Amino acid sequence: EFKGISKTSQIGKYYYVYSPVSGAYEWYDQATETSSIPEITADGIIATGQGFWVRATSTGTMTFKQSDKTANTATFIRDADAIIPTLNIKLKENASTYFGTTVIEEFALATDGLDTLRDIQHLSTGREKGPSIVILADTTKIRKNFVKNDGRDKAFDLVAQVKNEGYYTISAENFANFRFYQNIILVDMESGESTNLKEENYAFYATRDDEPKAFKLILNNNLSASDEFTVHVPTETTVLGNDSGLE
């Protein structure tokens, strides 16, 4: 609650939040317990993660304590239709709520492959209950891979690791907000089966004792729906072993 936060005399007893709906900064006044929009209630609760501004006459401080938190809820004021331009590849355990996701995002200063300054590497302690799917760049497992925004065809090595026996589904999500590629092809490197994830998901059965499953993800505009897609599948496919630590 804003009114419970300790503030020095230089800090005004009101705050602002930017509303994408009104296109302006809306306010809450602690003195009168009033606000400019109904989403900010009389108690002035600030939602978790909400950005807000205060006005200061000079340098001052605000002190946030655990006791300032409340079990009451507040509206997170943001653009509900904000577009996140990423391609999300999701591995779902069909019999539970467990899933893993790897993310691809374009960035002007990025380079294809491993970008140690920007890419988010995969973290595993080996005790997770859910599956994981990662991009493999050399020997590094990546959960978020920034790539050059040049629109060229791209290919990624994927590794899927399951923790429980059962059926799993791989899907491509949010591709409508990502750069347009005619095809988002997933190739099972064991069977050679290929699936355009823009048209359908890919399902498979696995047990926890199976070796990590290797896939190739290909983004391109070169094939029509009637073209045959083939990829070389080696006699033996080698992938990194089971999850362990930060790699």
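Relevant structure appears above.
Residues numbered from 1 in each chain as written. Predicted model: local features only at pLDDT ≥ 70, side-chain atom pairs only at ≥ 80, totals over all residues. Heavy atoms only, no water.

Regarding a negative patch on the surface
- The grouping of Glu165, Asp209, Asp210 and Glu211 at the surface amounts to a negative patch.
- As for its placement among the helices and strands, Glu165 is situated in the loop between strand S13 (154-161) and strand S14 (166-173).
- Glu165 gets classed as exposed once you look at its relative accessible area, which sits at 53%. (Patch = residues over 30% accessible without salt bridge, like charges linked within 9 Å, V, L, I, M, F, W, Y side chains within 5 Å. Areas by Shrake-Rupley, 256 points an atom, 1.4 Å probe, with all protein chains shown as cover. Salt bridge = Lys/Arg side-chain N within 4 Å of Asp/Glu carboxyl O. Lys, Arg positive; Asp, Glu negative; His and termini not counted. Charge placed at Lys NZ, Arg CZ, Asp CG, Glu CD. Helix = DSSP H or I, 4+ residues; strand = E, 2+ residues; numbered from the N terminus. Buried < 20%, exposed > 50% of the residue type's maximum accessible area, 1.4 Å probe, protein only.)

Some details on the pattern of salt bridges
- This structure, assessed with the given rule, holds 11 salt bridges.
- Note that Lys90 and Glu173 form a salt bridge whose closest N and O atoms lie 4.0 Å from each other. Taken together, the residues span a long stretch of sequence, with Lys90 in strand S7 (residues 86-93) and Glu173 in strand S14 at a distance of 83 residues.
- Accessibility expressed as a relative area gives 18% for Lys90, which makes it buried.
- The shortest N-O distance in the salt bridge between Lys154 and Asp112 comes to 2.8 Å. Separated by 42 residues along the polypeptide, Lys154 in strand S13 and Asp112 in the loop between strand S8 (99-107) and strand S9 (120-121) bring together distant segments of the chain.
- Several salt bridges converge on common partners, so that one network encompasses Asp112, Asp150 and Lys154.

A short note on the sheet that holds strand S4 (residues 34-35)
- With antiparallel pairing, 4 strands are arranged side by side in an open sheet as S4-S3-S2-S5. Since the sheet does not close on itself, it has two edges, and those belong to S4 and strand S5 (53-56), each with one partner.
- Note: strand S2 (residues 11-19) against S5, 3 bridges, orientation antiparallel. What sits directly across from Tyr16, in S5, is Trp53. (Pairing = 2+ DSSP bridges.)

Bear in mind that shape data such as this cannot, by itself, settle questions of function.
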